[in-house]
There are 2 protein chains.
Amino acid sequence: MQAYALTVDKFLDHAAKWCGTREIVTGNAGLCAARIDYKTLRSRSNRLSGALRALGLRFGDRIGTLAWNTQNHLEMYYATMGVGRVCPTLNPRPTGAHLAAMINEAEDRALAVSSNLAPMIAELAPYCSGIEHFIVMDDEFEVPLKLGAHRAKQWTFEALLADFGASAPWGGFDENTPAGLCYTSGTTGQPKGVLYTHRSNYLHTLRALQADATAYTGSDTILAAVPMFHANGWGIPFAAPAVGAKLVLPGRHTDGASLAKLMIDEGVTVGVGVQTVWLGLLDHLDATGAEAPALKRLLIGGAKCPDSLLKRMEDRLGAIVQTSWGMTELSPLGTIAPLDTLPSTARASGKPPLGLDLKLTNAEGVTLPQQRGVVGHLKVKGASVIERYFKHDAIALDEEGYFDTGDLAIIDEDGNVTISGRSKDLIKSGGEWINPAEIEEIVGQHPDVAQVAVIARQDPKWGERPVLIVEPRHGQQGNANALLRLLRGRVADWWIPDQVFEIQVMPLAPTGKIDKNQLRADFANGRIASAGANR
Amino acid sequence: MQAYALTVDKFLDHAAKWCGTREIVTGNAGLCAARIDYKTLRSRSNRLSGALRALGLRFGDRIGTLAWNTQNHLEMYYATMGVGRVCPTLNPRPTGAHLAAMINEAEDRALAVSSNLAPMIAELAPYCSGIEHFIVMDDEFEVPLKLGAHRAKQWTFEALLADFGASAPWGGFDENTPAGLCYTSGTTGQPKGVLYTHRSNYLHTLRALQADATAYTGSDTILAAVPMFHANGWGIPFAAPAVGAKLVLPGRHTDGASLAKLMIDEGVTVGVGVQTVWLGLLDHLDATGAEAPALKRLLIGGAKCPDSLLKRMEDRLGAIVQTSWGMTELSPLGTIAPLDTLPSTARASGKPPLGLDLKLTNAEGVTLPQQRGVVGHLKVKGASVIERYFKHDAIALDEEGYFDTGDLAIIDEDGNVTISGRSKDLIKSGGEWINPAEIEEIVGQHPDVAQVAVIARQDPKWGERPVLIVEPRHGQQGNANALLRLLRGRVADWWIPDQVFEIQVMPLAPTGKIDKNQLRADFANGRIASAGANR
């Protein structure tokens, strides 16, 4: 059979050829800021490849982006990857120091930035001497970047395209060529890079497109409310052109009003993003009485979604909610609730579609003899799963070639996977394990609790003991004893935390997850005051 | 990212692990002859791998099958491919001489045969001295094969499994390892082998599983009415376990009554096969008044399906008909009508889902400047497309890496492909091309015509001229002038055949297509008498 390299440029080629008139719409506070079809987007992206080459950027060079979900950002994806340049996507939320560390580790030779993020460049530039070109994109930007003594050149996207754009042959290289680079959130250590290849992205796309997985079709209009700097934008920048779906990119604004307007104006059929984004949408629709009649489905991922919220979304929107679990190291799709069985089935985290092997082990890495009905450490293997972190020598796999997700999971008899915590959060008390996530889920149901975390304190007798830390809803302090009572009979007695602490604001990592490292440091340094309750 | 070989054993592993209780049902004249779940089938297939190894069959060896769609046949697929042995699937319809030629070219060391095909072995064996083992499968078979002086050993499937079965590790080899071998029908020359690899089959499966393509899901029950010896059984032996669909294999009998009974008893949701099979089903349902209420969809391929038959199928069955086009050299899927848009869209041959590049050229191989609205020679490229025929040195691709399908096609503005004939059937008259398929389609609509073919006769003035050959419906001879009148105004005047011939039975190739080579030979040898009509 033919040698046919699995490279991502083929996605946009396919869209341009077979669905050339389908649109990519970019929003700005809910209004349409740009509209283009696949045929034109392909042509512009390809000419941008030529422009990047004219700047002296070579095969394998890293050309980063610090940008929202926009047409220009998508064009940067294909312009870089199409000619074997690598596109590291940066999350604008970490501090400048963190960003500079990522830029320097990746040795980015150029950085394309959304114009309204341009002020960050003034902060970054002094620490990123390796950058030779800044490209400002997404709208007119007349004011030059404040680069101080930095030697880099600066370009606006359209001027670069107009002055240096030239068609450039795409593909023609090995499918194991790197394509993108994304950093993990770093909630459990320093951010680490995941270097995606063309092959891993191509296979991830086909895996995700199965009818029991994302099932996107050429008739869909997909609203990508997940940022393109998060784990390949959950694969949408590849999957949408691969099927010729219309694509709606919301730009910077993902508040309920902006998303609702785009959804209604553009006839969105599938919305993809974390549940908090859709909560904002629901609140807006409730407040205004607006409807999004074309919407058929919301695909959510990230944290476990409470049943009550699932039901509220489905009732209010008349749409199906499809749950999933993934991570940066998995490109990112791990499991997803089979679409064909929704909404009736168990769907905590779904099932693994073909292409991901999965096993549960004990804490020592030994495969559990029983893979159903017991909590274990979740290990995975597949063509779109990391082998080693960027610039790390150590292979991140066990002897059977599995990657440790760091998650704990339980699988029911029908094969539905539920993520039930993080292994690094486990607390070892008297030689036995306590899973903070189970405690947090119960306490989190109390109406006066905004956020909750359980961490370990060192204990001379037991080794470790759990402590409960809550951020009460405004003005609802003093529930410590009630919270502990909630746990009685629902977890083992020795799992119940010894102490409760109330804090005003829970520390959050840039991804929005609770930053337990910070919390542990604050606790160790005595910066958290007890709420007085004890078992 | 991880090195993760795309090998087909992963399909059955996936089914056994995640959909272990879903069933594979084998029919016999519509009754259930065998029923097994994926978990048990996986275990048996794996132990069969061990048995084949115990017979001394080595990595890369060819172990052929001459069999209907049955559980044992599926077990042979996985038992061979899982350990890197190659499974050539033989069509029982060609003559023994043709079969022997294929067996000898492939150097099959073993052949597994359905017990009711076992009588053919007596005919084949003398010409296939290289075969060392015959395995008789599919039901009890007490009588030994008649092998004459042949030195081969013979086994029954269950005895082999019981006596030599042993678990054997699957996979662990390169994804470009050969997996299967299938011969083209040979209507336009000698049969030629297509050697599939694990990679080509794996990628074909993912490509076909897209929601706009076959869209099989774990909730489906698939009736495989297409033989497993035809082009990977249209991929169903791989796709069904890949999603955990229940699979119904009809055995030898694909008459309407047998299929209807299986369909109803097993709750079939998707039927896959050529239109003639479903025509038999329709006739049976009409005659008996039976219903198949679970059926949602028929997936058809092969010849163009008349609109009237599409409508009859959809009306009578309350199911959608999804059209497709493929060929052995494509593994086989080429184009398919996007499911999401049915039944309203144009669907002659559908569109190419991601993974197949496609272009139209002129007869000299030059890409047509306009790819829409004009008939051209269809060339394709992809990971599941042939590079060269088995044991042929010549690469079957053009300079751009495209394979010439031998088909003519036209693509409409929306990207829908219609196959409009075979390039080898084209007739060159006065330096211009006549497409017999267009003439045949029009004449075929006449109620008195059962089969129709247009071939060339040599002509001293024009080079070639078309002649029309029809097989009238019983007792409806003498329509020659009426048939020619049908063509007037619908094709160019100079396309209209000069002569009409009526024959009693149209010669058919083993696949059921009209054998134009035979027809041309018969015509040249004066074995076809004129019906007297002339333009």
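These numbers were taken from a predicted model, which means no experiment stands behind them. (Residues numbered from 1 in each chain as written. Chains lettered and ligands numbered in written order. Predicted model: local features only at pLDDT ≥ 70, side-chain atom pairs only at ≥ 80, totals over all residues. Heavy atoms only, no water.)

A. Broad picture of the overall build of chain A. When helices and strands are tallied, chain A shows 14 helices and 25 strands. Its C-alpha atoms give chain A a radius of gyration of 24 Å, within 12% of the compact-globule value 24 Å for 535 residues. When its C-alpha atoms are laid out on the principal axes, chain A stretches across 70 × 55 × 55 Å. Buried positions account for 59% of the 535 residues belonging to chain A. Taking as baseline every contact in chain A between residues at least 6 positions apart, the subset at least 24 positions apart corresponds to 65%. Here chain A displays about 20300 Å² of accessible surface, and carbon together with sulfur accounts for 51% of that area. Of note, chain A has its 52 positive side-chain charges centred 2 Å away from the centre of its 58 negative side-chain charges. (Helix = DSSP H or I, 4+ residues; strand = E, 2+ residues; numbered from the N terminus. Rg over C-alpha atoms; globule rule 2.2 N^0.38 Å. Buried < 20%, exposed > 50% of the residue type's maximum accessible area, 1.4 Å probe, protein only. Contact = heavy atoms within 4.5 Å. Areas by Shrake-Rupley, 256 points an atom, 1.4 Å probe, with all protein chains shown as cover. Lys, Arg positive; Asp, Glu negative; His and termini not counted. Charge placed at Lys NZ, Arg CZ, Asp CG, Glu CD.)

B. Up close: the pairing of strand β15 (residues 333–336) of chain B. All names here are of chain B. Pairing of strand β14 (residues 320–326) with β15 involves 3 bridges; the strand directions are antiparallel. Bridging from a neighbouring strand, S324 pairs with I336 of β15. Connecting the antiparallel pair β14 and β15 is a turn made up of 6 residues, with S331 showing a positive phi of about 85°. (Pairing = 2+ DSSP bridges.)

C. How the structure looks around the packing of helix α2 (residues 38–54) of chain B against helix α6 (residues 157–164) of chain B. All names here are of chain B. It is the contact of α2 with α6, at a shortest axis distance of 9 Å, that shows an interaxial angle of 80°. By the angle between their directions, the pair α2 and α6 is classed as roughly perpendicular. Residue-level inspection shows R44, R47, L48, G50, A51 and A54 of α2 in contact with α6, the latter providing F157, E158, L160, L161 and F164. (Axes fitted to C-alpha atoms, helices over the stretch in contact; angles between N-to-C directions. Parallel < 35°, antiparallel > 145°, perpendicular 65-115°, else oblique.)

D. View of the side chain of D459(A). For D459(A), the location among the structural elements is in strand β22 (residues 449–459). In this view, D459(A) contacts E464(A) and R465(A); residues no more than four positions away in its chain are not counted.

E. Looking closely at the nonpolar core. Among the nonpolar cores identified, the biggest contains 92 residues, and Y216(A), I236(A), L247(A), Y216(B), I236(B) and L247(B) are the most heavily contacted of them. With residues near it in sequence (within four places) discarded, I236(B) still touches Y216(B), I222(B), A224(B), V226(B), P241(B), L247(B) and V272(B). (Core = buried A, V, L, I, M, F, W, Y, C linked by side-chain atoms within 4.5 Å.)

F. Fine view of the sheet that holds strand β13 (residues 297–300) of chain B. All names here are of chain B. As summarised here, the arrangement of the 8 strands in space is β2-β1-β11-β10-β12-β13-β14-β15, forming an open sheet in which the pairing is mixed. Looking at strand neighbours, the two that pair on one side only are β2 (31–37) and β15, the edges of this open sheet. Across the sheet, the mean angle separating the axes of adjacent strands is 20° when strand polarity is ignored. By the bridge criterion, 3 bridges tie strand β1 (residues 23–28) to strand β11 (residues 246–249) in an arrangement that is parallel. Considered in β11, the bridge of V25 is made with V248. Where helix α8 (residues 236–243) meets the sheet, its contacts fall on β10 (221–224), β11 and β12 (270–272), and the angle it forms with β10 comes to roughly 170°.

G. Spatial organisation of the pattern of salt bridges. Summed over all chains, the structure comprises 60 salt bridges over all chains. Note that R520(B) is salt-bridged to D425(B), the shortest N-O span being 3.0 Å. A residue pair is termed long-range when its members are at least 10 positions apart, and R520(B) in helix α14 (residues 516–524) and D425(B) in the loop between β19 (417–422) and β20 (427–429) qualify at 95 residues. Beyond isolated ion pairs, a larger network of salt bridges with shared partners links D283(A), D286(A), E291(A), R312(A) and R316(A). (Salt bridge = Lys/Arg side-chain N within 4 Å of Asp/Glu carboxyl O.)

H. Region of the structure containing the relation of the copies chain A and chain B. Of the transformation superimposing chain A on chain B, the axial component is 0.0 Å and the angular component is 180°, with the fit at an RMSD of 0.1 Å. The two molecules are tied by a two-fold rotation axis, judged by turn and shift. Most of the interface of chain A is mirrored in chain B: 100% of its interface residues are interface residues there too. (Least-squares fit on C-alpha atoms with pLDDT ≥ 70 in both.)

I. Region of interest: the state of the cysteines. All names here are of chain A. Tallied over the entire structure, the rule returns 0 disulfides over all chains. With no disulfide of its own, C19 has C32 as its nearest cysteine by sulfur position, at a separation of 20 Å. Judged by relative accessible area, which is 13%, C19 ranks as buried. (Disulfide = S-S within 2.5 Å.)

J. Examining unusual backbone geometry more closely. Residues and elements named next belong to chain B. Across the junction of S331 and P332, the peptide omega takes the value 10°, indicating a cis bond. Relative to the helices and strands, P332 resides in the loop between β14 and β15. Following L342, the chain continues into P343 via a peptide bond in cis, with omega recorded as 0°. Within the secondary structure, P343 is located in the loop between β15 and β16 (356–361).

K. Broad picture of the packing of aromatic side chains. Tallied over the entire structure, the rule returns 20 aromatic pairs over all chains. An aromatic cluster of at least three residues, connected via ring pairs, comprises F11(A), Y77(A), Y78(A), W170(A), Y202(A) and F238(A). In this structure, R42(B) is placed above the aromatic ring of W170(B), and the distance from its NZ or CZ to the ring centre is 4.5 Å. In this structure, K192(B) is placed above the aromatic ring of Y389(B), and the distance from its NZ or CZ to the ring centre is 4.4 Å. (Phe/Tyr/Trp six-rings, centres within 6.5 Å; stacked < 30°, edge-to-face > 60°. Lys NZ or Arg CZ within 6 Å of the ring centre and 35° of its normal.)

L. Main features of the interface of chain A and chain B. Counting residues at the interface gives 60 residues for chain A and 60 residues for chain B. Approximately 4400 Å² of surface area, both sides summed, lies buried where chain A meets chain B, with 56% of it carried by carbon and sulfur atoms. The largest per-residue losses of area from chain A upon contact with chain B belong to M1(A), Q2(A) and W18(A), which jointly make up 23% of the total buried on that side. The partner of E175(B) in a salt bridge is R199(A), with the nearest N and O atoms 2.8 Å apart. Take the side of chain A that touches chain B: its biggest share by element is 6 residues, from helix α7 (residues 198–208) of chain A. Its residues assigned to classes, the side of chain A that touches chain B shows 30 nonpolar, 15 polar and 15 charged. (Buried area = accessible area lost by both parts, 1.4 Å probe. Nonpolar A, V, L, I, M, F, W, Y, C, P; charged D, E, K, R; others polar.)

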